[in-house]
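Chains, contacts and geometry: an overview
Listed below, chain by chain, are the residues.
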Amino acid sequence: MRILATGGAGYVGSAAVRCLLANGHDVTVYDNLSKGHRQSIPSNILVEGDLAEREKLTATMKDRQIEAVMHFASWIAVGESVEMPREYYRNNIVNSQTLLECMQDTQVGKILFSSTAAVYAPSEEPLNEDSPKNPDSPYAFSKFAVERLIQDFSRAYGLGYTILRYFNASGADPEGKFGEAHEPETHLIPLVLQVPLGKRKEIYVFGDNYDTPDGTCIRDYIHVDDLADAHRRAIDATESGKGATYNIGTGKGNSVLEVIRTAEKVVGKEIATKIVDRRAGDSARLVAGAERLRTELGWQPKYENLEQIVESAWKWHQNHPRGYGS
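A brief look at the structure comes next.

Each value, and the rule that gives it
- Residues numbered from 1 in each chain as written.
- Predicted model: local features only at pLDDT ≥ 70, side-chain atom pairs only at ≥ 80, totals over all residues.
- Heavy atoms only, no water.
- Axes fitted to C-alpha atoms, helices over the stretch in contact; angles between N-to-C directions.
- Helix = DSSP H or I, 4+ residues; strand = E, 2+ residues; numbered from the N terminus.
- Parallel < 35°, antiparallel > 145°, perpendicular 65-115°, else oblique.
- Left-handed = near helix turned anticlockwise from the far one by under 90°.
- Contact = heavy atoms within 4.5 Å.
- Nonpolar A, V, L, I, M, F, W, Y, C, P; charged D, E, K, R; others polar.
- Core = buried A, V, L, I, M, F, W, Y, C linked by side-chain atoms within 4.5 Å.
- Buried < 20%, exposed > 50% of the residue type's maximum accessible area, 1.4 Å probe, protein only.
- Pairing = 2+ DSSP bridges.
- 1 Å grid on protein atoms, 1.4 Å probe; cavity = no way out; pocket = protein on both sides within 12 Å on 5 of 7 lines; lining within 4 Å.
- Points joined across faces, edges and corners; volume = space filled by probe spheres on them.

Look at helix 2 (residues 54-63) against helix 4 (residues 85-105): their axes get within 10 Å of each other, and the N-to-C directions meet at 40°. When the interaxial angle is binned, helix 2 and helix 4 end up oblique. Relative to helix 4, the crossing made by helix 2 is right-handed. Contacts from R54, L57, T58 and M61 in helix 2 reach T98, L99, E101, C102 and M103 in helix 4. Of the residues assigned to the contact of helix 2 with helix 4, the class counts are five nonpolar, two polar and two charged.

Spelled out as structure tokens, the structure:
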């Protein structure tokens, strides 16, 4: 299949692109490189462009005879979205509408959308696809709005779609060649590993008095290569005129302190930790219910052990202490 991956040079997008290429798909990456890294993908498949460039986007779809789109291009920092809602809504929602219109104009009939578990209301129980929604940040709302855009385009114009809501993307390529390189970094595992790398004095733990076994928040950590495999399965299964929504997660949760203790085991040294006040909006437990994905698409995560995930991340960060610039 000839697939256009918007934002395909980013952390999750590039992992999905590498998986697609390994499985025989013809992939074009469309990325403005504001967040992505050209080193994360083969240079010959990159078209450097912005989704706001309607003519360039349309021409790319026509010239490459695109059959399906994987849409990863969005900004993802929750805190930043609160400070910059105007920019987030334009980049994430308006540009997504432009993408859908260009798809319609060029008769591209399938899309896979990279969404997020942030659309859900916090819950102590595993979250399934029908759990209550409460996208309470501009980032989360922008993702939820694009889900609705895609569903409305499907109802009106026969667009086939799959929406993937994933939990805490983590880990790196097992060979240590590709991995997480955000600026600024907001994800827990790379932040923890910055301490033994000498880039951070200590790791903050935001609250240790939650109703969890060790008092710290529990999250579902899913390896980026398992995410990539889910994307590959989902795009293969997407049918014109039909839609599906899936959670991606292991269904298991690990606390903040469990992540830190696991990292200490992997790196072989103690990691300085400081307990600070809770952050507003953090819920005690967010874990995926991903049975639908396993049942309908036959997906099974290979990395269900947190230590494996942290080991892969540590190998990447050791090899690339300054990300793709090292």
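Structure shown, so let's carry the discussion forward.
Nonpolar side chains in soluble globular proteins tend to end up buried together. Grouped together as the largest cluster of nonpolar side chains are 36 residues, with contacts concentrated most on V12, V29 and I248. Those elements that provide at least two residues to this core are strand 1 (2-6), helix 1 (11-22), strand 2 (26-31), strand 4 (68-71), strand 6 (160-166), helix 7 (224-237), strand 11 (243-248) and helix 9 (291-297). When residues in this core are grouped by element, the largest group, seven residues, is from helix 1. Dropping the residues within four chain positions of it, V29 is found in contact with A5, G8, A9, V17, I41, I45, L46 and V47. In this structure, I189, L257, V310 and W314 belong to the second largest nonpolar core, which totals 26 residues.

What follows deals with the sheet that holds strand 4. Across the sheet, which stays open at both edges, the seven strands sit in the order 3-2-1-4-5-6-11 with parallel pairing between neighbours. In the strand order of this sheet, the two ends are held by strand 3 (46-48) and strand 11, each with one partner. Taken over all neighbouring pairs, the strand axes of this sheet differ in orientation by 20° on average, direction set aside. Judged from the six bridges that link them, strand 6 and strand 11 form a sheet pairing that is parallel. Along strand 11, the bridge assignment pairs Y166 with I248. On the sheet, helix 5 (residues 138-157) packs against strand 5 (110-116) and strand 6 and is oriented at approximately 160° with respect to strand 5.

For the rest of this paragraph, the subject is the pairing of strand 4. Put simply, side chains in a regular strand alternate between the two faces of the sheet. In strand 4, alternate side chains face the same way, and those of A68 and M70 on one face and V69 and H71 on the other are all buried. Where strand 1 lies against strand 4, four bridges are found, and the strand directions are parallel. Bridging across to strand 4, T6 finds its partner in H71. Inspection of the sheet shows strand 4 paired to strand 5 by three bridges, in the parallel sense. Bridging from a neighbouring strand, M70 pairs with L112 of strand 5.

Our next topic: the sheet that holds strand 12 (residues 254-255). Working definition: the strands of a sheet are paired by backbone hydrogen bonds and lie parallel or antiparallel to each other. As summarised here, the arrangement of the three strands in space is 12-9-14, forming an open sheet in which the pairing is mixed. Each edge of the open sheet is held by one strand with a lone partner, namely strand 12 and strand 14 (285-286). Here strand 9 (residues 218-219) pairs with strand 14 via two bridges, running parallel. Looking at the pairing, R219 lines up with L286 of strand 14.

To continue, consider empty space enclosed by the protein. Across all of its chains, the model carries one cavity of 30 Å³ or more by this definition. Each pocket or cavity is described by its volume, and for the largest cavity that value is around 40 Å³. At four residues, helix 1 tops the list of elements feeding residues into the lining of the largest cavity. Of the residues in the lining of the largest cavity, the class split is five nonpolar, three polar and one charged.

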